[in-house]
Amino acid sequence: MGVITSQQLTRYYDQFCDTEIAFSKDIIRVLNIDPRQIYIKCNGTQWPCIINSTSFKLARIIIGTKGGAYQMISQKEPPAVSLRFCFKEEGNQMMSFFVNSKVTNISPYMNSQDLVIVTLTFTQRPPDDLIEQIGGLLEANQNAIRRKEEYILINEENKRKLGLMREETVVMIENVPRHCILRQISFGGAKFILLGLSQFLTNKEAVIQMDFEEPPERIQIKGKIVAAGIVEGRKDIVAVNMQFDEKLVSLTYKMHINGFLQQQRKIKVSAADQLAQQRAKMQSAKKPEGEAKDGKTAEAKTEEAKAESQTEEAAENQTEENPASEAAPAETSPASEAKAAGDAEPAPEAAE
């Protein structure tokens, strides 16, 4: 995840404050959590525990009833505790921090006499690192529903932002591998071109694979081909529209797509700030004394313009009545796609 602003962290906290996520194996892998380094600390002593779920207000952990941690926190008035989170970073580095908490509930775990689930309520806002990790994942899941039809054109710049290694890939159609070239992708589907006959592709089950970097990973997504048509001027090339099975789209893929959308949002905010500064400079040039007729200085007007641009951005994030028009580039025609593919590289050969 790239550099995140304090404004984005505040938005995460306000929007997802009460949203609780359970730590499944998939979520632990995507967030790079080291479960062996999760501890509960109390009175200077710490014990390992299992993290079950968390939000920005509380966390639920699982501990044994025969350990020292249970003996300490099961008192009538349990002392204050701290929960240690640990995330793996690049270069085998670890990022860990403690969150101050208090015990608010203890109950048996799945009717077990040996295990209990303990609710720890945070006594203050959690560290920004936790908000960034959890907020980014929750936003990706949210945008996967709200913006699933917002397609991203695959070009050199967007490949770099997505972390996509190459547009050439393989799609399995009815268990038959076919070479293809990605043209556009979204949360909900992919558009690509390949050699073949359109009448034999529509409504077929398919699995497409994509190679991403940081970290290097090959992602496979299952879905169905919902449309296929001959490219104008190239009867041997077919433009295919594949729709993903929403339940089988991995969190890693969602994070890549959402990361791209975050970068696009930052570009828009930066452009709005530059425009506000330019307007303030123009107003300042017209008033050499630095004082406008309404009594406001150029600096004050600059701050007002920035606040106005931030308000417009927040309103846009909440409404998004037509999300596909925000970040997706204009869709090219199949003929122009085929011509571009032909000029840049030879058409892929169909598998026997």
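These numbers were taken from a predicted model, which means no experiment stands behind them.

Q: Whenever I open this one, the overall build of the protein chain confuses me. Can you help?
A: Helix and strand counts for the protein chain stand at nine helices and 15 strands. Taking all 352 residues of the protein chain together, 42% fall into the buried category. Taking all contacts inside the protein chain whose residues are at least 6 apart in sequence as the whole, residues at least 24 apart take part in 64%. When the accessible surface of the protein chain is summed, it comes to about 19,300 Å², and 50% of that surface belongs to carbon and sulfur atoms.

Q: Even after reading the chapter, I still don't get the side chain of Asp34, so can you show me in this structure?
A: Within the secondary structure layout, Asp34 lies in the loop between α2 (25–31) and β2 (39–42). For Asp34, the contacting residues outside a window of four places in its chain are Cys86, Lys88 and Met94.

Q: Looking at this structure, I do not really get the pattern of salt bridges. What am I missing?
A: In a structure, side chains of opposite charge can pair up when their charged atoms sit close to one another. For the structure shown, the criterion picks out 15 salt bridges. Here Arg218 and Asp211 are joined by a salt bridge, their closest N and O atoms 2.7 Å apart. Overall, the relative accessible area of 11% leaves Asp211 in the buried class. Its salt-bridge partner being Asp236, residue Arg234 comes within 3.4 Å of it at the nearest N-O pair. Residue Arg234 is classed as partly exposed on the basis of its relative accessible area of 27%. Given the relative accessible area of 37%, Asp236 is considered partly exposed.

Q: I'm lost on the sheet that holds strand β6 (residues 81–89) in this one. Help?
A: Sheets are built from strands paired through backbone hydrogen bonds, the pairs being either parallel or antiparallel. Pairing is antiparallel across the open sheet formed by eight strands, whose spatial order is β1-β4-β5-β8-β7-β6-β2-β3. This sheet does not close on itself; its edge strands, each paired only once, are β1 (21–22) and β3 (45–48). Pairing geometry for strand β4 (residues 50–54) and strand β5 (residues 58–64), over four bridges, is antiparallel. Each residue of the ladder has a partner; that of Ile50, found in β5, is Ile62. The sheet contacts of helix α4 (residues 128–146) involve β1, β4, β6 and β7 (93–108), and relative to β7 the element is tilted by about 80°.

Q: Hey, could you run me through the pairing of strand β13 (residues 205–212) in this one?
A: It is a general feature of regular strands that their side chains alternate between the two faces of the sheet. In terms of residue burial, β13 counts as a mostly covered element, since six of its eight residues are buried. For strand β10 (residues 168–173) and β13, the ladder comprises three bridges, and the chain directions are antiparallel. Each residue of the ladder has a partner; that of Ile173, found in β13, is Ala206. One ladder, built from eight bridges, connects β13 with strand β14 (residues 217–231); its direction is antiparallel. Counted as the bridge partner of Phe212 is Glu217 from β14. Count of turn residues in the β13/β14 antiparallel hairpin: four residues, of which Glu214 carries a positive phi of about 55°.

Q: In this structure, what is going on with the environment of Gln142? I would like to understand it.
A: Its place among the elements puts Gln142 in helix α4. With a relative accessible area of 24%, Gln142 lands in the partly exposed category. Between the alpha carbons of Gln142 and Lys254 there is a distance of 9.8 Å; along the sequence they are 112 residues apart. Setting aside anything within four residues of it in sequence, one finds Gln142 in contact with Gln15 and Phe16.

Reading guide: rules and limits
- Throughout this description, residue numbers start from 1 for each chain and increase along the sequence as written.
- Side-chain atom pairs in this predicted model are given and counted only at pLDDT of 80 or more, local residue features only at pLDDT of at least 70, and totals for whole chains, interfaces and linings cover all residues.
- The side-chain figures draw on all heavy atoms in the structure; neither hydrogens nor water molecules are used.
- Secondary structure elements are taken from DSSP: a helix is a run of H or I of four residues or more, a strand is a run of E of two residues or more, and numbering for both begins at the N terminus.
- Relative accessibility under 20% of the residue-type maximum defines a buried residue, over 50% an exposed one, and the middle range a partly exposed one, all with a 1.4 Å probe and only protein chains included.
- Contact between two residues is taken to exist if any of their heavy atoms lie within 4.5 Å; hydrogens are not considered.
- Note that accessible areas follow from Shrake-Rupley with a 1.4 Å probe, and for residues the cover is restricted to the protein chains shown.
- Basic side-chain nitrogens of Lys or Arg form a salt bridge, by our definition, when they fall within 4 Å of a carboxyl oxygen of Asp or Glu.
- Any two strands with at least two DSSP-identified bridges between them are counted as paired.
- To obtain an axis, a line is fitted to C-alpha atoms, over the contacting stretch when the element is a helix, and the angle between two such axes runs from 0 to 180 degrees between their N-to-C directions.

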